[in-house]
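What follows is the residue order along each chain.
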Amino acid sequence: MRRLPAATGFLATSAFVLFATTIIAAAAPPDELVAAAQKEGRLAVIALPRDWCNYGRIIDGFKARYGLAVDELQPEASSETELDIVRASRGNDDPMVPDVIDVGLSFAEAARSEGLLQPYKVSKWDSIPEAAKDPNGYWYGDYYGLLVFEVNADRVARLPVDWPDLASPEFRNAIGIAGAPGSNQTIQTVLAAGLSATNGRIEEAAQRGLEFFAELNRRGNLAPMIGNAETLADGRTPVLIRWDHLALGDRDALAGKTRITVVRPRTGIVAGVYAQAISAYARRPNAARLWMEHLYSDEVQLIMLAGRCHPIRLGALLRERKVPVNLLQDLPSPESDGKSGRAEPVFPTIEEQQRARDIILKGWDGIVGITIECQPPREPDPGPISRQRAPAQPTVAFQQCARPSPTVQ
């Protein structure tokens, strides 16, 4: 395990220095790159939900600044699905395939080793931490999130404060994961639970994480659906494990309707880096390079920070006194239970993530043994969860969350 430089660590730490509000001027990419991209006319992105890290604002800004159309393919696709689609784009003439991908770090390295990526070093290359980029420019981290418990406090009587709490009988059919088993978010979730169970022994964490979720399933606590803000609010998954920026965004969006509490667990705190890369089969490689320059610009890194993601270049922006004070002041830290002794975030190495990814992808069905519904059916409102009353198990027969077709429609 390794840690990124301190300045790119958890934003809630009091060690950060707040700087006066600064107007950030966008550094212009080379004119010849802009011209070549504009000649291509469009860009295809994939797996970029518009409410994730302010991606909607980032995409719209790219279109407005450079006059390119942007095709937003499968916004909810998992990292595994992204790679399947890139593989399927080899040797066909379909123009609607992704030029760029946004995947978990282990998936980026797997794609590089398989020859699915092409190298490009952005102009801000030197300010990206060494631990978060391929030395030859095949992929580079752009932002990261921390896994937290997002809790509907209107329905949960006692907040879970660490992973073992999730096995309590009061959380029967209440625990939701926020992605399919093949998604980076779920893989990191299983790894985090395993780190908690092994007191940080990364070599055992993937297997122990699978066993932990198998126990949640055996106890009837793991809901067989992908959780989101809707299932959290209506009580189908009143305890949801997801990235902090999504949980904090839900808390703001549901303010006045649902009381959302965001809990940073005491142990097993995993920081998941998401990487950007250009497909080896990109139909519009210049537009893809221009998109990378856009993403790593000071301006867009701060837009990500405003969206409560942890931008990878935050350390450099702080050193250069480019972070407006309101962005750090307005970024809430996850609530704690008021007790001390919490572990610091862990940044698993590429090798550790690859090993965990392989174990979890191969072992989910046989060990955890639960099928995950992509589009959860509506169930009767289960009401508040308490020690005396737990919602009944659903009677609907769920189907496995199927992998999307590798052919982009």
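Just so it is clear, the model here is predicted, and its values are computed rather than measured.

A. Just the overall build of the protein chain, in detail. The secondary structure content of the protein chain amounts to 13 helices and 11 strands. Within the span of the protein chain, comprising 409 residues, buried residues form 59% of the whole. Counting only contacts in the protein chain whose residues sit at least 6 apart along the sequence, the fraction spanning at least 24 positions is 79%. Accessible surface computed for the protein chain: about 16300 Å², of which carbon and sulfur atoms make up 49%.

B. Looking closely at the packing of aromatic side chains. Applying the stated rule across the entire model yields 13 aromatic pairs. Their ring planes at 75° and their centres at 5.3 Å tell us that Y140 and Y296 sit as a pair that is edge-to-face. Of this pair, Y140 sits in strand β5 (residues 140–152) while Y296 sits in the loop between α9 (285–295) and α10 (298–306), and the two are 156 residues apart along the sequence. For the pair Y140 and Y296, one class covers both residues: buried.

C. Representation of the pairing of strand β9 (residues 260–263). Here β9 shows two buried faces, one formed by I260 and V262 and the other by T261 and V263. Pairing between β5 and β9: 4 bridges, direction antiparallel. Note that in β9 the partner of F149 across the bridge is V263.

D. Layout of helix α8 (residues 244–253). Most of α8 is tucked away, with 7 of its 10 residues classed as buried. What α8 keeps buried is the set D244, H245, L246, A247, L248, D250 and R251. Contacts from the buried residues of α8 go to β5, α5 (184–197), α7 (229–234), β8 (239–243), β9 and β11 (310–311).

E. The arrangement of the environment of S78 in detail. Within the element layout of this structure, S78 appears in the loop between β2 (69–73) and α3 (79–88). Taking C-alpha positions, S78 is 6.6 Å from G182, a pair spaced 104 residues apart along the chain. Excluding its chain neighbours within four sequence positions, the residues that come into contact with S78 are G182 and S183.

F. The arrangement of the pattern of salt bridges in detail. With the rule as written, the count across this model stands at 26 salt bridges. Here E114 ties to R87 by a salt bridge, and the two come within 2.7 Å at their closest N and O atoms. One end of the pair, E114, is in the loop between α4 (105–113) and β4 (117–118); the other, R87, is in helix α3, with 27 residues separating them in the sequence. The exposure class of R87 is partly exposed, given its relative accessible area of 27%. For R242, the salt bridge is made with E150, and the minimal N-O distance between the two is 3.5 Å. Separated by 92 residues along the polypeptide, R242 in strand β8 and E150 in strand β5 bring together distant segments of the chain. On the accessibility criterion, E150 (0% relative accessible area) is buried.

G. View of the nonpolar core. Core analysis: the largest hydrophobic core is formed by 104 residues, its most contacted members being Y55, W163, L166, F213, W291, M292 and L295. Setting aside its immediate chain neighbours within four residues, W163 contacts F149, T189, A192, A193, S196, F212, F213, I241, P265, T267 and G268.

The rules behind the values
- Residues numbered from 1 in each chain as written.
- Predicted model: local features only at pLDDT ≥ 70, side-chain atom pairs only at ≥ 80, totals over all residues.
- Heavy atoms only, no water.
- Helix = DSSP H or I, 4+ residues; strand = E, 2+ residues; numbered from the N terminus.
- Buried < 20%, exposed > 50% of the residue type's maximum accessible area, 1.4 Å probe, protein only.
- Contact = heavy atoms within 4.5 Å.
- Areas by Shrake-Rupley, 256 points an atom, 1.4 Å probe, with all protein chains shown as cover.
- Phe/Tyr/Trp six-rings, centres within 6.5 Å; stacked < 30°, edge-to-face > 60°.
- Pairing = 2+ DSSP bridges.
- Salt bridge = Lys/Arg side-chain N within 4 Å of Asp/Glu carboxyl O.
- Core = buried A, V, L, I, M, F, W, Y, C linked by side-chain atoms within 4.5 Å.

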